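Here's the letter readout for the chains.
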Amino acid sequence: MYDIGIIGGGTAGMTAAVYGQRAGKRTVIIEAMNYGGQITVSPKVENYPGIASVSGAEFSMNLLDQAMKLGAETELEQVTGIREEDGIKVIETEGKEYPCRTVIIATGVTHRHLGLDREEALLGAGVSYCATCDGAFFKGKDVAVIGGGNTALQDAEFLSNYCNKVYLVHRRDEFRGEAGLVEPLKRKENVEFVLSATVKELVGETVVEGLILNNKKTGEDFQISVSGVFAAIGQVPENQAFAGLVRLDDSGFIAASEDCVTSCPGIFAAGDCRTKEVRQLTTAAADGAVAALAACKYISRQEIAE
């Protein structure tokens, strides 16, 4: 029997394990792929308080080491669901079951990819899915933002403060995002809208050197020279396995506010998988701490009730 079962081994999940173990609880982190989550592919992390610069992989391994030294257990398995049984939450995987008094879901999200050849190979070498994470590395360079929603517009605004030029590429002839975000971009001399265009190919062998785009109206291909490509075409939460137990919003994120409490007592959501405005390394760590302390409080209340 575990006190806290944590689904997901990213920053939120591992932070939850640290706080759970320090509170004297028995925790287990169940991760399907590899520990650290999306931050592991970032070559440099320079926006985490107290750490001037660190690679995402090193940050993640340090956090995992910290949790394990405190006594957190780890399992590499794919979670298929959670069921309730006599007041206990049972985490189901493809191979085992883990009975837990509380559960923290910290499954994160995956960025929707462009679907281009060599996109994965150039990740961290010009391809990025997080402007606020990687934008400063492209200071003085030309970059492209792909997308037409609020995130793409906000990314273009952010990058325009660092980059020489920002191309904002969208497949439609008008943006889906708010007009209040579009108007300031129109006034920026270093922002150029490239509308009715789709990305056809990444240019560059070892680093991004440009993009081949297709004009949807004329059918012609054309090329722009950029050092960075920021895809902002949405994020995909991985919460369907829990849809019957906790409430999800229309986009599939777990409905939970800053207290990380879900619609199911004893189950908490931490990190990018929950409904929130800001998805950053710092907010993931904060969620992990909040969720773990909330789980400890829930356990205490249950013990009093018993």
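Structure: above.
Residues numbered from 1 in each chain as written. Predicted model: local features only at pLDDT ≥ 70, side-chain atom pairs only at ≥ 80, totals over all residues. Heavy atoms only, no water.

Peer 1: Quick one: what's the story with the overall build of the chain, residue by residue and with numbers?
Peer 2: A count of helical and extended segments in the chain gives six helices and 17 strands. Against the globule reference of 19 Å for 306 residues, the chain gives a C-alpha radius of gyration of 21 Å, in line with a compact fold. With respect to the three principal axes, the spread of C-alpha positions in the chain is 70 × 35 × 35 Å. Of all 306 residues assigned to the chain, the portion counted as buried reaches 50%. Across the chain, every contact between residues at least 6 apart in sequence was considered, and the portion connecting residues at least 24 apart equals 57%. As displayed, the chain offers around 14,600 Å² of accessible surface, 47% of which is attributable to carbon and sulfur atoms. Considering the chain, the positive charge centre built from 29 side chains and the negative charge centre built from 42 side chains are found 4 Å apart. (Helix = DSSP H or I, 4+ residues; strand = E, 2+ residues; numbered from the N terminus. Rg over C-alpha atoms; globule rule 2.2 N^0.38 Å. Buried < 20%, exposed > 50% of the residue type's maximum accessible area, 1.4 Å probe, protein only. Contact = heavy atoms within 4.5 Å. Areas by Shrake-Rupley, 256 points an atom, 1.4 Å probe, with all protein chains shown as cover. Lys, Arg positive; Asp, Glu negative; His and termini not counted. Charge placed at Lys NZ, Arg CZ, Asp CG, Glu CD.)

Peer 1: Lay out the sheet that holds strand 9 (residues 142-146) in plain terms, naming residues and giving numbers.
Peer 2: Taken in spatial order, the five strands make up an open sheet running 8-15-9-10-11, and their pairing is parallel. Two strands in the sheet have a free side with no partner beyond their single neighbour: strand 8 (127-128) and strand 11 (191-194). In this structure, strand 10 (residues 165-169) lies alongside strand 11, joined through four bridges in parallel fashion. The residue bridging Tyr-167 from the neighbouring strand is Glu-192, located in strand 11. (Pairing = 2+ DSSP bridges.)

Peer 1: How would you summarise the sheet that holds strand 14 (residues 221-225) if you had to cite specific residues and measurements?
Peer 2: Strand pairing within a sheet occurs via backbone hydrogen bonds; the two strands may be parallel or antiparallel. The sheet built from three strands is open, its strands ordered 12-13-14 with antiparallel pairing. Each of the sheet's edge strands pairs with one partner strand only, and the pair in question is strand 12 (197-203) and strand 14. In this sheet, adjacent strand axes meet at a mean angle of 30° when their direction is disregarded. Relative to strand 13 (residues 210-215), strand 12 runs antiparallel, the two being bridged by six bridges. Note that in strand 13 the partner of Thr-198 across the bridge is Asn-214. (Axes fitted to C-alpha atoms, helices over the stretch in contact; angles between N-to-C directions.)

Peer 1: Provide a residue-level description of the pairing of strand 14, including the pertinent values.
Peer 2: Where strand 13 lies against strand 14, five bridges are found, and the strand directions are antiparallel. Looking at the pairing, Gly-210 lines up with Ser-225 of strand 14.

Peer 1: Which residues make up the environment of Thr-74, and what values do they have?
Peer 2: Note on placement: Thr-74 falls in strand 3 (residues 73-76). When its relative accessible area of 27% is taken as the criterion, Thr-74 is described as partly exposed. With 146 residues separating them along the chain, Thr-74 and Glu-220 place their C-alpha atoms 52 Å apart.

Peer 1: Can you tell me about helix 1 (residues 11-22), naming the residues and giving the values?
Peer 2: When the terminal C-alpha atoms of helix 1 are compared, their 17 Å separation across 12 residues agrees well with the 16 Å that a helix rising 1.5 Å per residue should span. The buried fraction of helix 1 amounts to 10 of the 12 residues, a majority that puts the element mostly inside the structure. Every buried residue belonging to helix 1 is among Thr-11, Ala-12, Gly-13, Met-14, Thr-15, Ala-16, Ala-17, Val-18, Gly-20 and Gln-21, and all of these are buried. Immediately downstream of helix 1, the backbone of Gly-24 shows phi near 85°, a positive value. (Expected span 1.5 Å × (residues − 1).)

Peer 1: Describe the side chain of Ser-128, with residues and values.
Peer 2: Tracing the chain through its elements places Ser-128 in strand 8. A distance of 3.1 Å separates a polar atom in the side chain of Ser-128 from the backbone nitrogen of Cys-130. Among the polar contacts listed, one links the side chain of Ser-128 to the side chain of Asp-134, at a separation of 2.7 Å. Look past the residues within four positions of Ser-128 in its chain and what remains in contact with it is Asp-134, Val-229, Phe-230 and Ala-231. (Polar contact = N/O pair within 3.5 Å; in protein donor to acceptor, adjacent residues only side chain to side chain.)

Peer 1: Could you give an account of a positive patch on the surface, with specific residues and numbers?
Peer 2: A surface patch of like charges, here positive, comprises Arg-171, Arg-172, Arg-176 and Lys-216. Secondary-structure assignment places Arg-176 in the loop between strand 10 and helix 5 (179-186). Judged by relative accessible area, which is 52%, Arg-176 ranks as exposed. (Patch = residues over 30% accessible without salt bridge, like charges linked within 9 Å, V, L, I, M, F, W, Y side chains within 5 Å. Salt bridge = Lys/Arg side-chain N within 4 Å of Asp/Glu carboxyl O.)

Peer 1: Would you mind going over the environment of Tyr-35 in detail, with residue names and values included?
Peer 2: Among the secondary structure elements, Tyr-35 is positioned in the loop between strand 2 (27-31) and helix 2 (56-69). Judged by its relative accessible area of 12%, Tyr-35 falls in the buried class. Setting aside residues up to four positions removed in sequence, Tyr-35 forms contacts with Gly-9, Met-14, Ile-29, Thr-40, Ser-60, Met-61, Leu-64, Thr-74, Glu-75 and Leu-76. Within the structure, the side chain of Tyr-35 is placed 3.5 Å from the backbone oxygen of Ile-29, a separation counted as a polar contact. In terms of polar contacts, Tyr-35 uses its side chain to reach the backbone carbonyl oxygen of Glu-75, at 3.2 Å.

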